[in-house]
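# Tertiary structure, described
Next come the chains, spelled out residue by residue.
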2 protein chains.
Amino acid sequence: METIKNYIEANKQRFLDELFDILRFPSVSADPQFKESVLKTADYIKARLIDAGADKVEVCPTAGYPIVYGEKIIDPALPTVVVYGHYDVQPADPLELWHTPPFEPTVKITEEHPEGAIYARGACDDKGQMYMHVKAFELMMKTNTLPCNVKFMIEGEEEVGSSNLATFVKANKERLKGDVVLISDTSMIANDVPSIECGLRGLAYMEVELVGPNRDLHSGVYGGAVANPATILAKMIASLHDENNHITIPGFYDKVIELSDAERAEMAKQPFSEAAYKKDLNIDEVWGEKGYSTIERTSIRPTLEVNGIWSGYIGEGAKTVLPSKANAKISMRLVPGQNSDEISDLFKAHFEKIAPSYVKVKVTAHHGGEPVVTPTDSIPFKAASKAMEESFGKTPIPTRGGGSIPIVALFEKELGLKSVLMGFGLDSDALHSPNEKYGLFNYYKGIETIPLFFKHFAAMSK
Amino acid sequence: METIKNYIEANKQRFLDELFDILRFPSVSADPQFKESVLKTADYIKARLIDAGADKVEVCPTAGYPIVYGEKIIDPALPTVVVYGHYDVQPADPLELWHTPPFEPTVKITEEHPEGAIYARGACDDKGQMYMHVKAFELMMKTNTLPCNVKFMIEGEEEVGSSNLATFVKANKERLKGDVVLISDTSMIANDVPSIECGLRGLAYMEVELVGPNRDLHSGVYGGAVANPATILAKMIASLHDENNHITIPGFYDKVIELSDAERAEMAKQPFSEAAYKKDLNIDEVWGEKGYSTIERTSIRPTLEVNGIWSGYIGEGAKTVLPSKANAKISMRLVPGQNSDEISDLFKAHFEKIAPSYVKVKVTAHHGGEPVVTPTDSIPFKAASKAMEESFGKTPIPTRGGGSIPIVALFEKELGLKSVLMGFGLDSDALHSPNEKYGLFNYYKGIETIPLFFKHFAAMSK
């Protein structure tokens, strides 16, 4: 422990400078105008892995953005930890809502982060969290305390659905052989309430388009006699939740694995302040499925959310148009038991069915992901729990996360590997929002904890 | 009549060239980037009025875009026709749907227009129709057949609510003294079925904004526990029409003046093909308030229409955001009896009332306009009817239009003048849509008919 802390202390400025370098690349995978930056980020990660002591470091091409691979095999008889992360980031828009430039990392001291937090797109999701692993590896190499093998798989398309990762994984099963996948891309309850995500929701993401008249119409000449696709879409979306905020798609909940009363009681022990939650978001009331708490609504229950909707004239001023089309992006978070493709099919069938004959409807599915659970009595979970207990001085609480990391199910299916989600972010880090941040405390605590995970995992695996 | 036709024949190419000049100015009043073009259009109109023989021609400044004034007083004892039109146009977007450039007028021969039609933004609304009056005036001046006084009032802000016209009218009551306002900004049933609009719907135009959480949220972390403003907005919009497509705002229909069964029967005699209507729009079914025909739904019944709606991520690809805000533009067409400010207030009160406490709601009103009716036994209507009967060889049908020209009520209120809406456009002219057009037949027929209106109006007013 002392060794770890001393090494971090001696190198903390460089650890931060390198992370800043990475954050300055606008590696936005969703937008082709940033292609060069995405590729440069991969090269930078490769160089730092080589510096840290990794072997066979390679920027592996795919049909999309490359995957950075590296390894250190100290003894084939020892277990192997496969570290997954991603170097791409979400788009930064709406830009006008950022207080500091999204790709110029800035440290600010705040009440929540008295030691400072880094403000930048990707600070937490996932560059800050991913890079902790590169630095932890460097630390173990330089202090000669690496207790088992390690392999790195850092991709560049997580934010756009990791569509080429499956191909890479399937084509590299030998190379990626291991015993567990270690991922830091989730959050803890608080800096003084460590927790480990032992479940993630799945995702099904749909695009819908309604077409009414074959052109935008003058709303005076035609208004009242032609169905307005925007209104039709509003009615269809409105029908997707009943008065109890229960999703109305037939069959949607059929395969949901319900938690037992005992499990729900365990979950309810988590510290949670609804008042602070509402204050943070500046809302008067929380909302959600009747009969469930806020924590349950965001973890063990599936959801349906409108992520975007647009139709007609949305510029400045008034335009009296009856729009030809109306579009929406609608995604669903899934829980264990539900399957992403099945849910996409149920949505499509239902949405097409409820569309009245006034419009033509088109429903397409983006990439989704399966829900996952990592049992708390498994070695990976216990090793992570012990590591955090040591570095935080407190036993971490097992939690179920609301978000999705679709590739976790992929790793289990193709590589037979469970993942442990040992994340050091906070819910307030504003992932996917303007002014994303990551605490310096969290960054360094992660670098301190990861070697402890390796130590315990290697020991428990004997 | 011969005189008129001969003059048109001799000058028809120049009439077209000058209109093309005007159409080339992108005089989009809604968008400040086109300011220079709007002002140049006013100057061009001024020059052509002077060429045509008008006196006291002036580009009158306002707090916004100027109003072009001109007159010819041949004898103060004679009646005065006040000609109103506008030189500004709607925005052209979405640009990618235009087959020819919106501001490069192109003549195309089509089945509907065997003599050709001009395709350009403003071809019909209102440059083509407005300029017919300038050419008709030139014709009467050059053939020495102007039978009464005429005044021109051509504004540049009709598409954005004519907010400065009221100020101008109130400040120029003496200058604008007259006996009737003549306007060509409406449509006929068909080129072989002339009609005159004797009623217009009013307009109330609202902007609504719902704010939920104080920032865009990650839809995995927060989805299911925080009300989504896009979904709330969808539910609110969905509730504005009941299952009979009747608007649910309390008090909305209270003051609507219903037509008698006899009037409805008269109206039903209008030639109308629902099959052709649906084919033109490529829709399977018409829609609307139960108990009313398509013609009635677009003329004597009020409506509520979503003109635009937007929330969340609307770019390419997937972004898993739970949006902070949701916005919509909603306008209502009003019928005689209803008042624009009252309806705006009713809408605001209702919308604020039905908004759940999960969101903060803001409702603002744009400029509106009152509904109007011009009686068919009035001199202005009879003069227009006789003029069209002569030029078309058929008695025009009195119709009620679906659109709004808010300033018509303004003229009645401030100047005590009724307006006659003698328009030569067609519903298929795609006003406010891409590929707006105006038939050459219609343009020249208007120039031929307007002097006949002057002749009959002067004679009937003795």
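Reading the values: rules and limits
Residues numbered from 1 in each chain as written. Chains lettered and ligands numbered in written order. Predicted model: local features only at pLDDT ≥ 70, side-chain atom pairs only at ≥ 80, totals over all residues. Heavy atoms only, no water. Helix = DSSP H or I, 4+ residues; strand = E, 2+ residues; numbered from the N terminus. Rg over C-alpha atoms; globule rule 2.2 N^0.38 Å. Buried < 20%, exposed > 50% of the residue type's maximum accessible area, 1.4 Å probe, protein only. Least-squares fit on C-alpha atoms with pLDDT ≥ 70 in both. Contact = heavy atoms within 4.5 Å. Pairing = 2+ DSSP bridges. Axes fitted to C-alpha atoms, helices over the stretch in contact; angles between N-to-C directions. Polar contact = N/O pair within 3.5 Å; in protein donor to acceptor, adjacent residues only side chain to side chain. Buried area = accessible area lost by both parts, 1.4 Å probe. Salt bridge = Lys/Arg side-chain N within 4 Å of Asp/Glu carboxyl O. Domains from an automatic or database assignment. Parallel < 35°, antiparallel > 145°, perpendicular 65-115°, else oblique. Left-handed = near helix turned anticlockwise from the far one by under 90°. Nonpolar A, V, L, I, M, F, W, Y, C, P; charged D, E, K, R; others polar. UniProt positions renumbered as here; feature names shortened; annotations may be inferred. Expected span 1.5 Å × (residues − 1). Arc of directions from axis to C-beta. Phe/Tyr/Trp six-rings, centres within 6.5 Å; stacked < 30°, edge-to-face > 60°. Lys NZ or Arg CZ within 6 Å of the ring centre and 35° of its normal.

### Concerning the overall build of chain A
If you tally the helices and strands in chain A, you get 12 helices and 20 strands. Against the compact-globule benchmark of 23 Å for 462 residues, chain A has a radius of gyration of 23 Å, which places it among compact chains. Its C-alpha atoms give chain A principal-axis dimensions of about 80 × 50 × 50 Å. A burial count over chain A gives 61% of its 462 residues as buried.

### Description of the relation of the copies chain A and chain B
Rotating chain A by 180° and translating it 0.0 Å along the rotation axis places it on chain B, where the RMSD comes to 0.1 Å. The superposition of one copy onto the other is thereby described by a two-fold rotation axis. A shared binding surface is used by both copies, with 100% of the interface residues of chain A retained as interface residues in chain B.

### Points about the sheet that holds strand β14 (residues 325–334) of chain B
Across the sheet, 8 strands lie side by side as β15(A)-β10(A)-β14(A)-β12(A)-β12(B)-β14(B)-β10(B)-β15(B); this open sheet has antiparallel pairing. The open sheet terminates on both sides in strands that have one partner only, identified here as β15 (360–365) of chain A together with β15 (360–365) of chain B. This sheet shows a mean twist of 25° between the axes of neighbouring strands, independent of strand direction. Here strand β10 (residues 202–211) of chain A runs beside β15(A); their pairing, made up of 6 bridges, is antiparallel. Within β15(A), the position partnered with A:V208 by the bridge is A:V363. Contacting β10 (202–211), β12 (303–312), β14 and β15 of chain B, helix α9 (residues 340–354) of chain B runs over the sheet at an angle of about 25° to β10(B).

### Let's talk about the environment of B:L259
All names here are of chain B. As for its position among the elements, L259 is in the loop between α5 (229–238) and α6 (261–267). The exposure class of L259 is buried, given its relative accessible area of 14%. The spatial distance from the C-alpha of L259 to the C-alpha of S162 is 30 Å, given a sequence separation of 97 residues. If we skip the residues at most four places from it in the chain, L259 touches R264, M267, I300 and R400.

### Observations concerning α5(B)
All names here are of chain B. Summarising burial for α5: 9 of the 10 residues are buried, a large majority. Those residues of α5 not exposed but buried are P229, A230, T231, I232, L233, A234, M236, I237 and A238. Put simply, N228 is the residue that caps the front of α5, since its side-chain oxygen is 2.9 Å from the backbone nitrogen of A230.

### Some thoughts on the interface of chain A and chain B
Counting residues at the interface gives 81 residues for chain A, matched by 81 residues for chain B. Taken together, both faces of the contact between chain A and chain B bury some 7300 Å²; the carbon and sulfur share is 52%. Summed over the shared surface of chain A and chain B, the number is 2 salt bridges. A salt bridge links A:D280 to B:R215; the shortest N-O distance between them is 3.0 Å. Of all the secondary-structure elements, those providing two or more residues to the side of chain A that touches chain B are β10, β11 (217–218), α5 (229–238), α7 (274–281), α8 (294–297), β12 (303–312), β13 (321–322) and β14 (325–334) of chain A.

### Overview of the domain arrangement of chain A
All names here are of chain A. If you check the domain split of chain A, you get domain 1 (2–200 + 371–460) and domain 2 (202–256 + 302–369). Taken over C-alpha atoms, the centre of domain 1 sits 35 Å from the centre of domain 2. Contacts between the two partners involve 11 residues from domain 1 and, on the opposite side, 10 residues from domain 2. When domain 1 packs against domain 2, the two sides together hide about 730 Å² of surface, and 64% of this comes from carbon and sulfur. Broken down residue by residue, the surface that domain 1 buries against domain 2 is led by P371, S404 and P406, which jointly contribute 61%. Counting every contact that joins domain 1 to domain 2 gives 0 salt bridges. Joining domain 1 to domain 2, the criterion identifies 0 residue pairs in polar contact (both at pLDDT 80 or more).

### Some details on the packing of helix α10 (residues 379–392) of chain B against helix α12 (residues 440–460) of chain B
Residues and elements named next belong to chain B. Put simply, α10 and α12 touch, their axes get as near as 8 Å, and they point 135° apart. Between α10 and α12, the angle falls in the class oblique. With respect to the hand of their crossing, α10 and α12 are arranged in right-handed fashion. Listed contacts from α12 to I379, P380, K382, A383, A384, K386, A387, M388, E390, S391 and F392 of α10 are F441, K445, E448, T449, L452, F453, K455, H456, F457 and M460. Of the residues that constitute the contact of α10 with α12, the class distribution is 12 nonpolar, 3 polar and 6 charged.

### A word on the UniProt feature "domain: Peptidase M20 dimerisation" (unreviewed entry) in chain A
This chain's UniProt record puts "domain: Peptidase M20 dimerisation" (unreviewed entry) on residues 199–358 of chain A. Helix makes up 28% of residues 199–358 of chain A and strand 22%, and the two end C-alpha atoms of the span are 42 Å apart.

### Points about the pairing of strand β6 (residues 149–155) of chain B
Residue and element names in this part refer to chain B. Within β6, 7 of the 7 residues are buried, which leaves it mostly tucked inside the rest of the structure. Judged by which residues are buried, β6 turns out to be covered on both faces: N149, K151, M153 and E155 on one side and V150, F152 and I154 on the other are all buried. Across 5 bridges, strand β2 (residues 67–72) lies against β6 in antiparallel orientation. When the bridges of β6 are listed, E71 appears paired with K151. Here strand β3 (residues 80–86) pairs with β6 via 7 bridges, running parallel. Looking at the pairing, Y84 lines up with M153 of β6.

### As for the pattern of salt bridges
All names here are of chain B. On inspection of all chains with the given rule, the structure shows 56 salt bridges over all chains. Here E104 makes a salt bridge to R24, at a shortest N to O gap of 3.1 Å. Remark: R24 occurs in helix α1 (residues 2–24) and E104 occurs in the loop between β3 and β4 (106–108); sequence separation between them is 80 residues. A residue is classified by how much of its surface remains accessible, and E104, at 33% relative accessible area, is partly exposed. The shortest N-O distance in the salt bridge between K348 and E352 comes to 2.7 Å. You can see K348 and its partner E352 sitting in helix α9, 4 residues apart, about one turn around the helix. Taking the relative accessible area as the measure of exposure, K348 reaches 32% and is therefore partly exposed. Classification of E352 by relative accessible area gives partly exposed; the value is 34%.

### Observations concerning the environment of B:G212
For B:G212, the location among the structural elements is in the loop between β10 and β11 (217–218). Sequence spacing of B:G212 and B:E112 is 100 residues, and the spatial spacing of their C-alpha atoms is 50 Å.

### Topic: the packing of helix α3 (residues 127–142) of chain B against α12(B)
The relative placement of two packed helices is expressed as an angle between their axes plus a distance between the axes. All names here are of chain B. Running from amino to carboxyl end, α3 crosses α12 at an angle of 55°, the nearest separation of the two axes being 8 Å. Classified by the angle their axes make, α3 and α12 are oblique. You can see that α3 and α12 cross each other, and the crossing is right-handed. Residues G128, Y131, M132, H133, K135, A136, L139 and M140 of α3 touch α12, and the partners they reach there are N442, Y443, G446, I447, I450, P451 and F454.

### A word on helix α2 (residues 35–52) of chain A
Three or four residues apart is the spacing at which side chains of an α-helix point the same way, because the helix has 3.6 residues per turn. Residues and elements named next belong to chain A. For α2, spanning 18 residues, the distance from its first C-alpha to its last is 26 Å, which sits close to the expected 26 Å at 1.5 Å a residue. For α2, the complete set of buried residues consists of S37, V38, T41, A42, Y44, I45, R48, L49 and A52. Here the buried residues of α2 occupy an arc of 160° about the axis, which is enough to place them on one side. Tucked inside the fold, the buried residues of α2 contact α1 (2–24), β1 (55–60), β2 (67–72), α3 (127–142) and β6 (149–155).

### A look at the packing of aromatic side chains
Taken as a whole, this structure holds 26 aromatic pairs over all chains when the rule is applied. Look at A:Y7 and A:F15: their rings are 6.3 Å apart centre to centre, the planes differ by 40°, and that puts the pair in the tilted class. The class of A:F15 is buried, set by a relative accessible area of 0%. Through a chain of ring-to-ring contacts, the aromatic side chains of A:Y222, B:F272 and B:Y277 assemble into a single cluster. Sitting over the ring of B:Y69, B:R175 keeps its end group 4.7 Å from the ring centre. Here the guanidinium or amino end of B:K445 rests over the ring plane of B:F392, the centre of that ring lying 5.6 Å away.

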